[in-house]
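Inside the fold
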Amino acid sequence: MTKRAIGLAVLLTSMISVSALGAIKQTKGDFEDKFRQLDESLPTPNVYRNAAGEPGHQYWQQKVDYKIKVRLDEEKRSIEGSETITYTNNSPDTLKYLWLQLDQNKFRNDSLSALTTTFGGIGNRGPAAQAAQGNKPAQLSLGALRRQHFVEDVELGYDIKAVKDANGNPLHHVIVGTNMRVDLPQRLKPSQSVEFTIDYGYNIVEEDAVSARSGYEHFPDDAREGGNDIFLLAQWFPRLHAYTDYEAWTNKEFIGRGEFTLEFGDYDVEMTVPADHIVSSTGDLVNPKDVLTKKQIKRLKEAETAKRPVFIVTAKEALENEKKGTNKEKTWHFNAKNVRDFAWASSRKFIWDAKGYQQGGDTQPLVMAMSFYPKEGGELWEKYSTESIVHTMEVYSRFSFDYPYPVAQSVNGPVGGMEYPMITFNGPRTDLQEDGSRTYSLAEKRFLIGVVIHEVGHIYFPMTVNSDERQWTWMDEGLNSFLDGVAGREWDPNIPWGVEPRDVVDYMKSNTQVPIMTQSDSVLRLGPNGYTKPAAALNILRETILGRELFDFAFKEYAQRWMFKRPTPADFFRTMEEASGVDLDWFWRGWFYSTDHVDISLDRVSKLRMDTKDPDIDFARQRQQELDKPLSLTDERNRAEGQTLWIERNEDISDFYDENDRFTVTNKERNKYNKFLDGLEGWERETFERAVREDKNYYVLEFSNKGGLVMPIILELTFTDGTKEEMRIPAEIWRRTHKAVQKLIVTDKGKELQSVVVDPRWETADTNVDNNHYPRQIIPSRIEAYKQKGGSGLVQRDIMQDIKTKLKDKKDD
């Protein structure tokens with residue numbers, strides 16, 4: 001560029017822009033690079049996990065196979081079991097001992113969970129307690145007292161009766177809280193396997209009393225003497241901790257919040273239960289002829305191709321079954337291949353329906369979707385549970401892979417929502433009314449559909465994409481909440497799925513927010529942190545930053561890369577970047593590693609006009625700008641009082657300046673203008689004259705980042721002619737300074753800007769919409785807007801029951 005051209009560029013820039021440096025209040029030493037590359041913080045790629053975020057060429061994981069025989073003692077509400085474990089060491093390390101999980105020990109009075117549970121406060125799971133606040137005394141709920149009584153009255157935790165090697169010799173073992181170390185008689189070298197057995201038992205917790213992830217629920221009002229129980233069995237056998245390339249033994253104790261880290265393997269399980277029980281379980285039923293009637297087997301076959309769910313056990317049959325009871329027993333035998341866990345449920349109360357999902361493909365062409373529920377589930381479960389299972393598989397498979405197992409089940413019991421391979425526990429129910437009917441609220445209907453989608457979705461994440469739940473809740477709950485939001489909105493978008501950016505703003509500006517990457521047990525508010533915020537973040541990534549095509553391709557690539565393997569956060573971050581081709585380090589750093597929030601303020605809009613340098617044009621414009629200024633208040637009041645000016649009273653005294661103001665053009669200015677034009681090179685003059693001729697509008701928009709989290713700036717521009725335009729400015733506009741930036745917007749002559757709105761559709765989780773408008777507007781609060789829609793109380797009403805209410809005569813009041 002020539003020296004003259006550089007000078008012209010500087011001249012033109014000064015005409016149409018305001019220096020951004022004036023708006024940046026950066027102090028010496030406080031610079032922060034929001035776009036710093038995340039690889040500086042992530043683990044170094046290696047032969048096990050490469051830089052692209054996929055399994056490396058020497059990736060490995062252990063394999064653990066189980067053969068278990070277990071007996072459910074309904075009267076004592078306990079189980080006795082014996083398991084044979086085959087542990088295969090696929091790692092490059094030689095192992096001296098194995099670590100197992102004894103999750104039931106969490107309920108012991110001397111457990112780490114019990115000893116470290118605070119009284120009241122934030123983040124506690126289970127019955128409520130409220131610490132003293134000011135003059136308000138401490139409170140202990142009846143539910144908390146019930147839990148204390150149950151734990152005092154029932155001996156809880158595992159009873160490890162024997163640990164033996166394959167030859168029946170005792171193995172030395174040490175129990176450490178919810179963990180058990182088993183010392184091996186010989187070191188287990190790479191590629192070797194070891195077999196050992198454990199005999200064990202434990203008393204099953206009453207879920208309603210202790211708030212657990214499994215347990216029994218008692219129904220005292222059933223016709224059978226003594227009532228009936230539903231048993232949900234999970235964490236019901238000693239199982240291996242995972243041994244990984246990134247942590248070795250993942251033996252962080254189970255406190256209750258952080259869920260599970262497990263190995264894949266094959267299961268052969270025999271459950272002996274009362275003969276009138278129906279069992280739902282992980283795996284394929286091996287012996288249907290031993291435990292099912294011919295009619296039930298026939299119905300199962302019919303269900304494979306049915307349009308709607310077919311009853312395997314009808315409501316009438318279940319009701320009759322729960323009246324009796326028996327002293328006889330049956331053994332149900334299940335096999336499950338390549339699963340990371342195993343759970344089951346047993347009760348004589350179960351209604352059972354099934355529907356075949358014709359998935360096609362080579363993986364699992366037919367999947368049996370099945371639901372097990374008591375009469376208390378009623379019409380709600382009959383209509384929506386199994387259909388929700390099928391819908392989940394239809395949607396999730398588009399984003400990941402074909403559902404890999406032969407069955408997908410939803411079981412009603414005391415657990416509000418929990419997931420295991422091929423089986424989920426879900427809580428919503430109907431209410432029994434005085435007239436004998438069963439009804440449910442709109443909220444309960446939405447809860448059932450939502451929880452079934454969510455929990456069945458977990459069979460994809462983390463039951464197949466096997467992330468470490470103990471360390472990173474968001475890797476299964478957040479990803480799954482994002483996808484259940486996608487599936488939910490494809491079911492009914494009118495149901496509030498809680499994964500929109502607007503759903504997380506209150507949490508992001510709260511003082512209880514912690515980074516998403518926080519270890520599960522240390523998170524203050526698990527719901528917003530592990531579920532809503534990562535789900536909203538991925539929603540933003542898909543809809544606002546990457547777009548659906550890039551996001552969907554990258555997300556599916558991640559799912560398929562890590563199917564039946566164990567990813568870490570670094571693998572997810574790297575895969576999403578590598579497969580989308582977009583640098584997202586700023587996004588992961590801001591959303592997952594910080595507690596910054598989004599608050600982009602539009603502080604000022606300046607309208608600028610091209611200076612033509614022609615004095616006959618520019619001086620006239622300046623004169624008009626002077627005339628357009630508001631009249632001085634003093635001058636206005638003087639005139640109102642009838643005062644006359646000196647110059648009006650002395651018109652006989654005048655001079656040159658009474659006819660010529662400071663905007664009068666002389667030939668001196670004209671000569672200067674002509675000299676300026678003559679000094680331009682050909683292309684410079686052509687460019688300059690075109691700009692003057694087009695006379696476009698130049699607007700400088702000044703933004704400040706008050707929340708700290710850098711995000712794209714999405715603008716809705718409204719013009720005086722009534723038209724609107726959307727403008728999307730990538731987040732990289734903040735790359736040199738995250739505190740304040742300015743943006744020049746140029747419009748054609750006559751296209752006058754009237755107003756600007758930042759993030760008009762609330763798609764970036766901006767926590768303060770008040771400063772998103774220019775000019776400023778009166779903004780109704782989010783609370784008021786919520787109330788105008790009716791509030792959540794409307795969906796909590798049981799309208800099915802309330803509609804029966806007779807209108808009272810005024811005389812009755």
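All values reported here derive from a predicted model rather than from experimental measurement.

Take the overall build of the protein chain next. A count of helices and strands for the protein chain gives 23 helices and 34 strands. For the protein chain, the C-alpha radius of gyration of 35 Å lies well beyond 28 Å, the compact-globule estimate for 813 residues. Along the first, second and third principal axes, the C-alpha set of the protein chain runs to 125 × 85 × 60 Å. Burial analysis of the protein chain (813 residues in total) assigns 51% to the buried set. A separation of at least 24 residues holds for 75% of the contacts in the protein chain among residues at least 6 apart in sequence. Looking at the protein chain as shown, the accessible area adds up to about 39,200 Å², and 49% of this sits on carbon and sulfur atoms. For the protein chain, the distance from the average site of its 108 positive side-chain charges to the average site of its 128 negative ones is 1 Å.

Strand order in this open sheet of 3 strands is 28-29-32, and the pairing throughout is antiparallel. Edge positions in the sheet fall to strand 28 (600-609) and strand 32 (740-747), since each of these pairs with one other strand and no more. In this sheet, neighbouring strand axes are inclined to one another by 20° on average, regardless of whether the strands run parallel or antiparallel. With 8 bridges connecting them, strand 29 (residues 697-705) and strand 32 associate as antiparallel partners.

Among all residues save glycine, negative phi is the norm, and among peptide bonds the norm is trans. In this structure, Pro462 follows Phe461 across a cis peptide bond, with omega equal to 15°. A cis amide bond links Tyr774 to the next residue, Pro775, at an omega of 0°. Checked against the element boundaries, Pro775 lands in the loop between strand 34 (773-774) and helix 21 (782-788). Residues other than glycine seldom take positive phi values, yet Gln235 does so here, at roughly 50°.

In this section: the confidence of the model for the protein chain. When pLDDT drops low, the exact placement of atoms in the prediction is not to be read closely. Averaged over all residues, the pLDDT of the protein chain is 92; the fraction at 70 or higher stands at 92%. The low-confidence segment residues 1-23, where pLDDT is below 50, has 31 contacts with residues more than four positions distant or belonging to other chains. Confidence drops under a pLDDT of 50 for residues 784-791, and excluding neighbours within four residues, the segment shows 3 contacts in the predicted structure.

What follows covers the side chain of Arg561. Note on placement: Arg561 falls in helix 13 (residues 548-561). By relative accessible area, which is 10% here, Arg561 ends up buried. Aside from chain neighbours lying at most four places away, what touches Arg561 is Ala52, Gly53, Glu54, Pro55, Thr575 and Glu578.

Let us now look at the packing of aromatic side chains. Overall, the coordinates contain 52 aromatic pairs when judged by the stated rule. Directly above the aromatic system of Phe260 lies the positively charged group of Arg239, at a separation of 4.6 Å from the ring centroid. Looking at Lys751, its charged tip hangs above the ring of Phe719, at a distance of 4.9 Å from the centre.

Attention now moves to the sheet that holds strand 8 (residues 179-188). Strand-to-strand pairing in sheets goes through backbone hydrogen bonds, with the strands running parallel or antiparallel. If you walk across this open sheet you meet the 4 strands as 7-8-3-12, and the pairing is antiparallel. If you trace the sheet from one side to the other, it starts and ends with strand 7 (173-176) and strand 12 (239-240), each paired once.

Between its first and last C-alpha atoms helix 16 (residues 615-627) spans 18 Å; for 13 residues at 1.5 Å apiece the expected length is 18 Å, and the two agree. All of the buried residues along helix 16 are Pro615, Asp618 and Arg621. The buried residues of helix 16 occupy an angular sector of 140° when projected down its axis, which confines them to one face. Between the side-chain oxygen of the N-cap and the backbone nitrogen of Asp616 there are 3.1 Å, and the N-cap of helix 16 in question is Asp614.

Attention shifts here to the pattern of salt bridges. Inspection of the entire model under this criterion finds 63 salt bridges. Between Arg49 and Asp571 there is a salt bridge, and its shortest N-O distance comes to 2.6 Å. With Arg49 in the loop between helix 1 (3-16) and strand 1 (63-73) and Asp571 in helix 14 (residues 569-580), this residue pair connects regions lying 522 residues apart in the sequence. A salt bridge links Arg670 to Asp616; the nearest nitrogen and oxygen atoms lie 2.9 Å apart. In this pair, Arg670 sits in helix 19 (residues 667-678) while Asp616 sits in helix 16, placing the two residues 54 residues apart along the sequence. On the basis of relative accessible area, Asp616 is assigned to the partly exposed category, the value being 39%. The network of salt bridges with shared partners includes Asp222, Glu322, Lys349, Lys375 and Glu376.

With that settled, consider a nonpolar patch on the surface. Nonpolar side chains collect at one region of the surface, where Leu645, Trp646, Ile647 and Ile653 lie side by side and expose about 440 Å² of accessible area between them. Assignment of secondary structure puts Ile653 in the loop between helix 18 (646-649) and helix 19.

Below, the discussion takes up the nonpolar core. Counting residues in each nonpolar core, the largest one holds 192 residues, and the members touching the most others are Trp236, Phe425, Phe572 and Trp591. Sort the elements by how many residues they give to this core and helix 8 (residues 378-399) lands first, with 9 residues. Contact partners of Phe572, with chain neighbours within four places excluded, come to Trp474, Met475, Leu479, Leu538, Phe555, Tyr558 and Trp588. Counting 10 residues, the second largest nonpolar core, distinct from the first, contains Met610, Tyr673, Leu680 and Tyr698.

Right, let's talk about the packing of helix 16 against helix 19 for a bit. In the contact formed by helix 16 and helix 19, the axes pass within 10 Å of each other and the chain directions differ by 120°. When the axes of helix 16 and helix 19 are compared, the pair comes out oblique. For the pair formed by helix 16 and helix 19, the contact residues are Pro615, Asp616 and Phe619 on the first element and Glu669, Arg670 and Tyr673 on the second. Its residues assigned to classes, the contact of helix 16 with helix 19 shows 3 nonpolar, no polar and 3 charged.

Following both chains from N to C, one finds helix 10 (residues 474-491) and helix 13 inclined at 140°, their axes separated by 14 Å at the closest point. Relative to helix 13, helix 10 is oriented oblique. Crossing angle aside, the handedness with which helix 10 passes helix 13 is left-handed. Counting all contacts with helix 10, which are made through Met475, Leu479, Phe482 and Leu483, the residues of helix 13 involved are Phe551, Phe555 and Tyr558. Among the residues forming the contact of helix 10 with helix 13, the class breakdown is 7 nonpolar, no polar and no charged.

What follows covers the environment of Leu102. Following the sequence through the fold, Leu102 ends up in the loop between strand 3 (95-101) and helix 2 (112-116). For Leu102, a relative accessible area of 0% corresponds to the buried category. Residues Leu102 and Gly360 lie 258 residues apart in sequence; the distance between their C-alpha atoms is 39 Å. Not counting residues within four places of it along the chain, the set of residues in contact with Leu102 comprises Tyr158, Ile160, Ile175, Thr178, Asn179, Met180 and Pro238.

Across the 6 residues that make up strand 33 (residues 753-758), a large majority, 5, are buried. In this structure, strand 30 (residues 713-719) lies alongside strand 33, joined through 5 bridges in antiparallel fashion. Bridge pairing in strand 33 links Leu717 to Val756. In this structure, strand 33 lies alongside strand 34, joined through 2 bridges in antiparallel fashion. Across the sheet, the residue bridging to Val756 is Tyr774, located in strand 34.

What follows deals with the side chain of Asn529. Looking at where Asn529 falls in the secondary structure, it is placed in helix 12 (residues 526-546). At a separation of 2.8 Å, a polar atom in the side chain of Asn529 contacts the main-chain carbonyl oxygen of Val514. Within polar-contact distance, the side chain of Asn529 engages the backbone oxygen of Pro515 at 3.4 Å. Beyond its immediate stretch of four places on either side in the chain, Asn529 contacts Tyr507, Val514, Pro515, Ile516, Val523 and Pro534.

The rules we used
- Residues numbered from 1 in each chain as written.
- Predicted model: local features only at pLDDT ≥ 70, side-chain atom pairs only at ≥ 80, totals over all residues.
- Heavy atoms only, no water.
- Helix = DSSP H or I, 4+ residues; strand = E, 2+ residues; numbered from the N terminus.
- Rg over C-alpha atoms; globule rule 2.2 N^0.38 Å.
- Buried < 20%, exposed > 50% of the residue type's maximum accessible area, 1.4 Å probe, protein only.
- Contact = heavy atoms within 4.5 Å.
- Areas by Shrake-Rupley, 256 points an atom, 1.4 Å probe, with all protein chains shown as cover.
- Lys, Arg positive; Asp, Glu negative; His and termini not counted.
- Charge placed at Lys NZ, Arg CZ, Asp CG, Glu CD.
- Pairing = 2+ DSSP bridges.
- Axes fitted to C-alpha atoms, helices over the stretch in contact; angles between N-to-C directions.
- pLDDT = per-residue confidence, 0-100.
- Phe/Tyr/Trp six-rings, centres within 6.5 Å; stacked < 30°, edge-to-face > 60°.
- Lys NZ or Arg CZ within 6 Å of the ring centre and 35° of its normal.
- Expected span 1.5 Å × (residues − 1).
- Arc of directions from axis to C-beta.
- Polar contact = N/O pair within 3.5 Å; in protein donor to acceptor, adjacent residues only side chain to side chain.
- Salt bridge = Lys/Arg side-chain N within 4 Å of Asp/Glu carboxyl O.
- Patch = residues over 30% accessible without salt bridge, like charges linked within 9 Å, V, L, I, M, F, W, Y side chains within 5 Å.
- Core = buried A, V, L, I, M, F, W, Y, C linked by side-chain atoms within 4.5 Å.
- Parallel < 35°, antiparallel > 145°, perpendicular 65-115°, else oblique.
- Nonpolar A, V, L, I, M, F, W, Y, C, P; charged D, E, K, R; others polar.
- Left-handed = near helix turned anticlockwise from the far one by under 90°.

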